[in-house]
Amino acid sequence: MITSQAEDVIPDSWYNIVPDLPEQLAPPRDNTEDFSSIELLNRIIPKEVLRQEFTFKKFQKIPEEVAEAYRQIGRPTPLVRARNLEKFLGYKGKIFFKYEGATVTGSHKINTAIPQAYYAAQEGVNGIVTETGAGQWGTATALASSLYGMPSKVFMVGISYRQKPLRKKIMGIYGAQVFASPSSETKFGREMLGKDPDHPGSLGIAISEAVEYALENDYRYLLGSVMNSVLTHQSIIGLETKKQLEVLGEYPDALIGCVGGGSNFGGFTYPFIPDSREIDMIASTASEVPKFGKGEFKYDLLDTAGILPSMKMYSLGADFVPPPIYAGGLRYHAAAPSLSLLMQKGKIKHDEADEPAVKDALRVFSKTQGIVAAPESGHAIASAIKYAKESSNSGKTIVLNVSGHGLLDLSIFKDD
Ligand SMILES: *Cc1c(COP(=O)(O)O)cnc(C)c1O
């Protein structure tokens, strides 16, 4: 276990991978001739976030107020040597994990919610609005908005709203007003409810409602993953990890993380890329949502409704209907453009784990390290265990990112 002074480990700047990519990113595209989704972004995204989205600058200074908020919510997060897991596996090398579940909201999502809310507050907007599926993103948004004294509204996919009352409760305690989507708060929601009063909702519908709400009420809309600016903010994970390893005189042979939209994985691994050293970087996805295995690298919609622009990325198609796996955060149909490009160029590898394997991995990690990790993080753990088993005598140093805790997702164990 490593802890040095918070001030020593929290970096001054975030790292932006864009100028270091092997080729330039394909630009975002409008979806129709008569509707500018890029202009729409200009109206609903905080200006500084939008500037960071398209910048070629390698480093973005972390504002002092944001660094202080990071300390308040539990940064730096711990980097732990998983000795019990090593022993359990009979592993000859070292295994470390970075634990993003140690933030107060229980996942890495707060790392980007804080700066986005901060930049919005500086513009003096009326409030913050977003959508959430399983609830982690809504939870982070709710807290970040309250930290800067702004009201927040969260459109939560209806079926999750009804299945996960505790998530909704926490968002409420943090100060958010949460609506089951489709809701009667927006024109689009009322239209959907008119067609089916018991509509289960979808992320696409929730995004549409949040965007409409932002436009109508001079609110700002926050982005949870996929975008460059989000991955830049999440680089705090990898920058801290690097320093924490340095203090121990260690350097990773393998970096392993899970991929929904790619924000915790990109944030964790990208700061190591400019070193140009030999590292196996392994992106673990759900076998049930095989975006790298079966997806295509092409322009596709970010959201089902086609409100946001299209991006060139690995995608299973915006109309892909994922099976209802517990790792809700990995059900997204695509992956961040920068991560997709690095995957296509062979700089990053991928692995897949299915739900039974993830349950086993979560159990092993709980029994050895005492942490009930999030189902999403269970994919990273499963891939790390597999990697360790395949390279047992090599003495390699494996570092994995545990993106969140699973204390509100215990229903994955309901049949046991
Ligand atoms: C949202 C979430 C993910 C997936 O999102 P990424 O953008 O790929 O990081 C993974 N783990 C947890 C705990 C999450 O909340």
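Look a little higher up for the structure.
Quick caveat, the model's predicted, so the values are computed rather than measured. (Residues numbered from 1 in each chain as written. Predicted model: local features only at pLDDT ≥ 70, side-chain atom pairs only at ≥ 80, totals over all residues. Heavy atoms only, no water.)

1. Here's the deal with the site of the ligand
Next, step 1: Around the ligand, 17 residues are found, and the nearest of them are Lys-109, Ser-225, Gly-260, Ser-263 and Ser-403.
Next, step 2: When the ligand sits alone it has 380 Å² of accessible area, and the protein chains cover 97% of it.
Next, step 3: Across the shell around the ligand, the residue classes tally to three nonpolar, twelve polar and two charged. (Near = heavy atom within 4 Å. Areas by Shrake-Rupley, 256 points an atom, 1.4 Å probe, with all protein chains shown as cover. Nonpolar A, V, L, I, M, F, W, Y, C, P; charged D, E, K, R; others polar.)

2. Comments concerning the sheet that holds strand S6 (residues 152-157)
Next, step 1: The parallel open sheet is built from four strands, whose spatial order is S7-S6-S5-S8. Here the strands that pair on one side only, and so sit at the sheet edges, are strand S7 (176-181) and strand S8 (220-221).
Next, step 2: Pairing between S6 and S7: six bridges, direction parallel. Looking across to S7, one finds that Phe-155 is bridged to Phe-179.
Next, step 3: On top of the sheet, helix H9 (residues 165-173) reaches strand S5 (128-132), S6 and S7; it is set at about 150° to S7, its chief contact. (Pairing = 2+ DSSP bridges. Helix = DSSP H or I, 4+ residues; strand = E, 2+ residues; numbered from the N terminus. Contact = heavy atoms within 4.5 Å. Axes fitted to C-alpha atoms, helices over the stretch in contact; angles between N-to-C directions.)

3. Regarding the packing of helix H2 (residues 37-44) against helix H11 (residues 203-217)
Next, step 1: Two elements in contact, H2 and H11, have axes separated by 10 Å at closest approach and are oriented at 60°. By the angle between their axes, H2 is oblique relative to H11. In terms of crossing hand, the pair formed by H2 and H11 is left-handed. Facing H2, whose interface residues are Leu-40, Arg-43 and Ile-44, H11 presents Val-211, Ala-214 and Leu-215.
Next, step 2: Of the residues contributing to the contact of H2 with H11, the split by class is five nonpolar, no polar and one charged. (Parallel < 35°, antiparallel > 145°, perpendicular 65-115°, else oblique. Left-handed = near helix turned anticlockwise from the far one by under 90°.)

4. So, the sheet that holds strand S13 (residues 349-353)
Next, step 1: Spatial strand order, S3-S4-S14-S9-S10-S13: six strands in an open sheet with mixed pairing. The open sheet is flanked by strand S3 (79-81) and S13, the only strands paired with a single partner. Strand-to-strand twist in this sheet, taken as the mean axis angle between neighbours without regard to direction, amounts to 25°.
Next, step 2: On the sheet, helix H12 (residues 228-248) packs against S3, strand S4 (94-99) and strand S14 (397-402) and is oriented at approximately 140° with respect to S4.
Next, step 3: Helix H16 (residues 375-390) rests against S4, strand S9 (254-258), strand S10 (280-286), S13 and S14 of the sheet, and its axis sits at about 150° to S9.

5. Quick word on the pattern of salt bridges
Next, step 1: Taken as a whole and assessed by the stated rule, the structure comprises 18 salt bridges.
Next, step 2: Lys-396 is the partner of Asp-280 in a salt bridge, and the nearest nitrogen-oxygen pair spans 3.8 Å. Remark: Lys-396 occurs in the loop between H16 and S14 and Asp-280 occurs in strand S10; sequence separation between them is 116 residues.
Next, step 3: Residue Lys-396 is classed as partly exposed on the basis of its relative accessible area of 27%.
Next, step 4: Taken together, the shared-partner salt bridges in this structure form one network comprising Arg-75, Lys-98, Glu-100 and Glu-240. (Salt bridge = Lys/Arg side-chain N within 4 Å of Asp/Glu carboxyl O. Buried < 20%, exposed > 50% of the residue type's maximum accessible area, 1.4 Å probe, protein only.)

6. Here we look at the pairing of S4
Next, step 1: In terms of burial, S4 is largely enclosed, as five of its six residues are buried.
Next, step 2: With three bridges connecting them, S3 and S4 associate as antiparallel partners. Bridge assignment links Arg-81 to a residue of S4, and that residue is Phe-96.
Next, step 3: Pairing of S4 with S14 involves six bridges; the strand directions are parallel. The residue of S14 that forms the bridge with Ile-95 is Ile-398.

7. Observations regarding the side chain of Thr-141
Next, step 1: Considering the arrangement of structural elements, one finds Thr-141 in helix H7 (residues 136-147).
Next, step 2: Ignoring anything within four residues of it in the chain, the contact list for Thr-141 reads Ala-113, Ile-128, Thr-130 and Leu-222.

8. Regarding the packing of helix H4 (residues 64-72) against helix H6 (residues 110-122)
Next, step 1: Contact geometry of H4 with H6 gives a least axis separation of 10 Å together with a crossing angle of 145°. Once H4 is placed against H6, the crossing between them reads as right-handed. Along the contact surface, H4 presents Glu-65, Val-66, Ala-69 and Tyr-70, while H6 presents Asn-111, Ile-114, Pro-115 and Tyr-118.
Next, step 2: Grouping the constituent residues of the contact of H4 with H6 by class yields six nonpolar, one polar and one charged.

9. As for empty space enclosed by the protein
Next, step 1: Applying the stated rule across the entire model yields four cavities of 30 Å³ or more.
Next, step 2: Taken as a whole, the largest cavity encloses approximately 50 Å³ of empty space.
Next, step 3: Lining the largest cavity, in full, are Tyr-15, Asn-16, Ile-17, Val-18, Asn-228, Leu-231, Thr-232, Ser-235, Gly-266, Gly-267 and Tyr-270.
Next, step 4: Contributing elements (two or more residues each) for the lining of the largest cavity: H12 and helix H13 (263-269).
Next, step 5: Ranked by residue count, the leading element in the lining of the largest cavity is H12, at four residues.
Next, step 6: Lining the second largest cavity are Thr-105, Gly-106, Ser-107, Gln-136, Arg-167, Ala-374, Gly-404 and His-405.
Next, step 7: Here the lining of the second largest cavity is built from residues that sort into one nonpolar, six polar and one charged. (1 Å grid on protein atoms, 1.4 Å probe; cavity = no way out; pocket = protein on both sides within 12 Å on 5 of 7 lines; lining within 4 Å. Points joined across faces, edges and corners; volume = space filled by probe spheres on them.)

Purely spatial values, then, with no claim about function.
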